[in-house]
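Structural overview
Given next are the chains, with one letter for each unit.
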Amino acid sequence: MDTIELVNLKKRFGSRWISKGINLSIPAEQMTAIVGGSGEGKSVLLKMIIGLLKPTSGRVLVEGTDIATLADHELDNHYKKFGYVFQAAALLDSLTVFENIGLPLLEQGMSRRQVAPMLKEKLALVNLKEECLKKYPSELSGGMRKRVGLARTLVTNPQIILYDEPTTGLDPITTRVIHNLMHSMQQQLKLTSIVVSHDVEIFNYADNVALLQDGQIRFFGSAQSVWQSNNPYIYQFIRGLAEGPIAIDPGTAEQAETRVLPSKFWRRKPSCRSTKTP
Amino acid sequence: MVLKELVYPIAFSFGQAVLSLCDAVGRFSLFVAQAARTCCCRRPHLNKLLAQMNAIGVNSFSVIFLTGLFSGMVFALQTYIGFQRVGGTQYIGSVVALAITRELGPVLTGLMVAGRAGSAITAELGFMRITEQIDALTTLCINPFQYLVVPRMLAGVLVLPCLALFSMAFGVFGGYFMCVNLLGLSPEDYVGSIRSFVELRDVMSGIFKAGVFGFVLTAVASYKGYYAQGGARGVGIATTESVVLSSVTILIVDCILTKLLGRL
């Protein structure tokens, strides 16, 4: 069963079309990774799914409800189904970690004493110690901030979690820790997860992969099938090739030809080292 | 040909300027309307309101003290020079007090708070916008207007009249100090003139004006910060625009209010 269905979704900023007719069905209780180049509108797509941005045209069906047509007070109920992990965690600087994670509950009128045990439970889920509850976001490392952001998202018990580039700017070890965390959340809580990422390592954790290119979905399939796929877009993207249907500007192309591909990729598919674009 | 080359571009630019002005006024009106609706329909956060009253009011007190005191002293000195020529120095007290209570007190308070607290509001909300903290509040089912905008606007409306009242008191005292201690005017003349010519409604009109200025500066500052975009540079631009726009708006609104309140 599909939880989220995007039907001919289009979005324009000024005269520039970011999304040019996206059609995508996202299966329930699975992790779907949306990959694509920078500036392809992946974050815009996530914001249209949750309702932070209205599409110019098209429909976003969440469990059968078109959220593009919902009024503000109806959107509030819609948000309750979702958790959104922001790229830079988006923690409120003026609040401690305790207040950040507990914010949705404290704002509902719950006391700090009532909130505390729930917070400790969520903190354990994201492998953070209780000592960090008293700290401010500026005192945390990038990885810890992401985990606090994830804990804040989990505290409202969402059915669907959207991750906006959750590992950008993190070192490889912390990246793997965050990916493992997302995967274990997925397994334990049976969530529907949508992950926007540049990182091909996400294919190890996701169930499905969608490639967004030039405002449209150019590939959708299971994460296992990605490496065997002959789809020219995903083939070029995951191998980081300069030649192919994905156009890149000349400056970037020069860099791409001399780029060292992710070591993970070479370990997994050594035979692809000399492969050319079809 | 001349029409096409000269008139069309000018007309086009003028039309675009008018359209962007209408767009900005419309967006600002909708912003204020949404803040008003949130204020009426949802319980305001008392602790956030108090925190903002502290940030806008208590932390601006020293600036208001200095501004009020020295503007009163300078105004008294300038008035003394003029009145000495026509032989009316016994009326300086009333002129200083009327100018300060009706005009200088509230306007200078508004301008100083716009520069000090208004810029801080824009920068803070602007930073929250570009770092997606406002979007995060929305996704957590927390109304950003209730959480961020309404406490600031309410605090501005409540605190500015108090600050203006202090500014008026310091200004009148500054005038007294200048006239009596430095210019040799008798205290009876200064105080007696104020008692004779200054009425309660003069003070009340100043306080009312300050309340309106408080609303204007916090609304403009919140609006500019809430819709800031373009990274750190964008926040800087929004902050500058906020101070300029709120200062100019305060002066325009002051002109309109003076005309309206003058009839009462």
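Residues numbered from 1 in each chain as written. Chains lettered and ligands numbered in written order. Predicted model: local features only at pLDDT ≥ 70, side-chain atom pairs only at ≥ 80, totals over all residues.

Considerations on the overall build of chain A
Each helix and strand in chain A was counted, giving 9 helices and 10 strands. For chain A, with 278 residues in total, the buried portion stands at 40%. Sequence-distant contacts, at least 24 apart, represent 63% of the contacts inside chain A between residues at least 6 apart. (Helix = DSSP H or I, 4+ residues; strand = E, 2+ residues; numbered from the N terminus. Buried ≥ 20, exposed ≤ 12 C-beta atoms within 10 Å, placed from the backbone. Contact = placed C-beta atoms within 7 Å.)

Focus: the overall build of chain B
For chain B, the count of helices and strands is 9 helices and 0 strands. When the helices and strands of chain B are placed in sequence order, the string is α-α-α-α-α-α-α-α-α. Its C-alpha atoms give chain B principal-axis dimensions of roughly 65 × 65 × 35 Å. Taking all 264 residues of chain B together, 44% fall into the buried category. Considering only contacts in chain B between residues 6 or more positions apart, those separated by 24 or more positions represent 89%.

Let's talk about the interface of chain A and chain B
The interface is formed by 15 residues belonging to chain A together with 10 residues belonging to chain B. Those elements giving two or more residues to the side of chain A that touches chain B turn out to be α2 (72-79), β6 (82-85) and α3 (97-107) of chain A. The element best represented in the side of chain A that touches chain B is α3(A), accounting for 3 residues. Here the residues of the side of chain A that touches chain B are counted per class, giving 11 nonpolar, 1 polar and 3 charged. (Nonpolar A, V, L, I, M, F, W, Y, C, P; charged D, E, K, R; others polar.)

Quick word on the confidence of the model for chain A
Here chain A shows a mean pLDDT of 83. Residues at 70 or above account for 88%. Across residues 251-278 of chain A, confidence stays below pLDDT 50; counting only partners more than four residues off in sequence or on other chains, it has 28 contacts. (pLDDT = per-residue confidence, 0-100.)

Structural notes on the sheet that holds β6(A)
Strand pairing in a sheet relies on backbone hydrogen bonds. The paired strands run either parallel or antiparallel. Residue and element names in this part refer to chain A. The 6 strands are arranged β6-β7-β8-β3-β9-β10 in an open sheet whose pairing can be described as mixed. Single-partner strands in this sheet number two, and they are β6 and β10 (216-222). Each strand of the sheet is rotated relative to its neighbour by a mean of 15 degrees, with strand direction disregarded. Of the strand pairs in this sheet, strand β7 (residues 160-164) and strand β8 (residues 192-197) are connected by 5 bridges, and their pairing is parallel. Bridging across to β8, Y163 finds its partner in V195. Its contacts with the sheet place helix α7 (residues 232-239) against β3 (31-35), β9 (208-213) and β10, and it is angled at close to 95 degrees to β9. (Pairing = 2+ DSSP bridges. Axes fitted to C-alpha atoms, helices over the stretch in contact; angles between N-to-C directions.)

As for helix α4 (residues 92-130) of chain B
Residue and element names in this part refer to chain B. The largest bend in α4 is about 55 degrees, located at I100. Most of α4 is tucked away: 29 of the 39 residues are buried. E132 occupies a position one or two residues after α4 and carries a positive phi of about 65 degrees. (Bend = angle between axes of the 7 residues up to and from the residue.)

Comments concerning the pairing of strand β4 (residues 57-62) of chain A
When β4(A) meets strand β5 (residues 65-66) of chain A, the two strands line up antiparallel, connected through 2 bridges. Bridged to L61(A) within β5(A) is D66(A).

Quick word on the domain arrangement of chain B
Residues and elements named next belong to chain B. Segmenting chain B into domains produces domain 1 (1-41) and domain 2 (45-262). When each unit is reduced to the centre of its C-alpha atoms, the spacing between domain 1 and domain 2 is 28 Å. Taken together, the 7 residues of domain 1 in the interface contact 10 residues of domain 2. (Domains from an automatic or database assignment.)

Remarks on the packing of helix α3 (residues 61-86) of chain B against α4(B)
Residues and elements named next belong to chain B. Where α3 contacts α4, the axes come no closer than 9 Å and their chain directions differ by 145 degrees. Regarding α3 and α4, the two cross each other, and that crossing is right-handed. Contacts between α3 and α4 involve V63, I64, T67, G68, S71, G72, F75, A76, T79, Y80 and F83 from the former and I92, V95, V96, A99, I100, L104, G105, L108, T109, M112 and R116 from the latter. Each residue belonging to the contact of α3 with α4 can be placed in one class, and the counts come to 14 nonpolar, 7 polar and 1 charged. (Left-handed = near helix turned anticlockwise from the far one by under 90°.)

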